[in-house]
Amino acid sequence: MGTERPEIKVGFIGLGTMGIGMASNLRTAGYGLVVFDVRKSSAQPLLDAGATWAETIADVGRTSDVVFTSLPGPKEMQEVGLGKGGLLESMRKDGTWFDLTTNSPTVLREVGKRFQDKGIALLDAPVSGGPAGAKSGKLAIYVGGDRAAFDRHKTLLDAVGDQVLHVGPIGAGNTAKLVHNMVSLVTRMAIAEGISLGVKAGMDPLELWHAVRQGVIGRRRTFDGIGDQYLQDRYDPPSFALRLAYKDFTLALELAKQLDVPMQQAESAYRTYTEALERGWGDRDSRAPMALQNERAGVSIKVSAEDVQKTLARG
């Protein structure tokens, strides 16, 4: 268990779709919260709940014992941390920064060294669970960084997610997240290849789906998730936008290149995701590139939600 003090002052920067839910859960847990976002209107629900607005990033750093950031990517994280008036200049010695951003492990190690030299612990803590999980607190949090700082603030992290895991040194949290997301993204394309092949060979898509679900991978629920979008050819509204998934995929391939790890399947799938993005599908769901495989195979797959449920009920 952590040793968090109820009166600890917590800062939160970045109140987008994910950040607002996580910050709200911290406030609900009773922590004093000071918040900042480029749009003050995003903070209004938190302000109504008793949080304090900070006029600048530096104000968050100066007044907080622990700072959370939930930002679009590495560039924004570096600016918040190292830019003029950023957290490096403003946070106190012995402070702790949890970066919830899906980020570059290399960037995190570089920025972390700068903060370590000042006596501030930076831990990467990307989350998995989407906006619904951020709101409900049903999130996995992969934490990389100083174990003592993690243990000290475990109770604080438990207010944000229900599966809080320390996975290694700084950067390890994002390595785990990027591997998770990359495998997921590549697997989606492999599924599309298999289903489109079976349909072109004459199988009914629901019968094929039912059949492959009984195999070893299907028994692990790999195929359950394709019923809502791919089989129905329905990618709007997105549960995870393609442009965000593409950013994560890019980061994963950058990491592989840095470590000289070949990624033939990932790079092949990445070209398809790039094509989908170039078609203007960035705000569609990240499964939308699967439709390109159907197009290439010359098949049309579109079944009803009712039939999907009937097929699932067959076990």
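Residues numbered from 1 in each chain as written. Predicted model: local features only at pLDDT ≥ 70, side-chain atom pairs only at ≥ 80, totals over all residues. Heavy atoms only, no water.

Colleague: Any chance you could break down the pattern of salt bridges for me, citing the residues and the numbers?
Modeller: Considering all chains together, one arrives at 15 salt bridges under this definition. Between Arg279 and Glu295 there is a salt bridge; the shortest N-O distance is 2.8 Å. One end of the pair, Arg279, is in the loop between helix H14 (264-278) and helix H15 (290-297); the other, Glu295, is in helix H15, and 16 residues separate them in sequence. Through salt bridges with shared partners, one network takes in Glu275, Arg279, Glu295 and Arg296. (Salt bridge = Lys/Arg side-chain N within 4 Å of Asp/Glu carboxyl O. Helix = DSSP H or I, 4+ residues; strand = E, 2+ residues; numbered from the N terminus.)

Colleague: Describe the nonpolar core, and please don't skip the residues or the numbers.
Modeller: Judged by nonpolar contacts, the single largest core of 54 residues is most densely connected at Phe12, Leu26, Val35 and Phe68. Apart from the residues within four sequence positions on either side, Val35 is in contact with Phe12, Leu15, Ala43, Leu46, Leu47, Ala51, Thr52, Trp53 and Ala54. One finds Leu206, Ala269, Leu292 and Val308 within the second-largest nonpolar core, a separate group that totals 41 residues. (Core = buried A, V, L, I, M, F, W, Y, C linked by side-chain atoms within 4.5 Å. Buried < 20%, exposed > 50% of the residue type's maximum accessible area, 1.4 Å probe, protein only. Contact = heavy atoms within 4.5 Å.)

Colleague: Quick one: what's the story with the packing of aromatic side chains, residue by residue and with numbers?
Modeller: Counted under the stated rule, the structure contains seven aromatic pairs. Considering the side-chain rings of Trp97 and Phe115, the 5.0 Å spacing of their centres and the 55° angle between planes classify their relative orientation as tilted. A residue pair is termed long-range when its members are at least 10 positions apart, and Trp97 in strand S5 (residues 96-99) and Phe115 in helix H6 (residues 105-117) qualify at 18 residues. For Trp97, a relative accessible area of 0% corresponds to the buried category. Geometrically, the ring pair formed by Tyr246 and Tyr270 is stacked, given 4.9 Å between the ring centres and 15° between the ring planes. Residue Tyr246 is found in helix H13 (residues 242-258), and its partner Tyr270 is found in helix H14; the two are separated by 24 residues along the sequence. Exposure remark for Tyr270: the relative accessible area of 18% places this residue in the buried category. A connected cluster of aromatic rings, assembled from ring pairs, spans Tyr246, Phe249, Tyr270 and Tyr273. The ring of Trp209 has Arg213 sitting right over it, with the charged end atom 5.7 Å from the ring centre. (Phe/Tyr/Trp six-rings, centres within 6.5 Å; stacked < 30°, edge-to-face > 60°. Lys NZ or Arg CZ within 6 Å of the ring centre and 35° of its normal.)

Colleague: Residue-level account of the packing of helix H4 (residues 74-82) against H6, with values.
Modeller: Here H4 crosses H6 at 5°, and the two axes come no closer than 11 Å. One element, H4, and the other, H6, form an angle in the roughly parallel class. Contacts from Pro74, Met77, Gln78, Gly81 and Leu82 of H4 reach H6 at Val107, Leu108, Val111, Arg114 and Phe115. Of the residues contributing to the contact of H4 with H6, the split by class is seven nonpolar, two polar and one charged. (Axes fitted to C-alpha atoms, helices over the stretch in contact; angles between N-to-C directions. Parallel < 35°, antiparallel > 145°, perpendicular 65-115°, else oblique. Nonpolar A, V, L, I, M, F, W, Y, C, P; charged D, E, K, R; others polar.)

Colleague: I'd like a rundown of the pairing of strand S1 (residues 9-13), residues and numbers included.
Modeller: Most of S1 is tucked away: four of the five residues are buried. Sheet analysis places S1 next to strand S2 (residues 32-36), joined by five bridges and oriented parallel. Along S2, the bridge assignment pairs Gly11 with Val34. As a crossover connection, the stretch from S1 through helix H1 (residues 17-28) into S2 is right-handed. Of the strand pairs in this sheet, S1 and strand S4 (residues 66-69) are connected by four bridges, and their pairing is parallel. Bridge pairing in S4 links Ile13 to Thr69. (Pairing = 2+ DSSP bridges. Right-handed = clockwise from strand over helix to strand, strands pointing away.)

Colleague: With reference to specific residues and values, describe the confidence of the model for the protein chain.
Modeller: Overall, the prediction assigns the protein chain a mean pLDDT of 93, with 98% of residues at 70 or greater. In this model residues 1-5 is a low-confidence stretch, pLDDT under 50, and it forms 15 contacts with partners more than four residues away in sequence or in other chains. (pLDDT = per-residue confidence, 0-100.)

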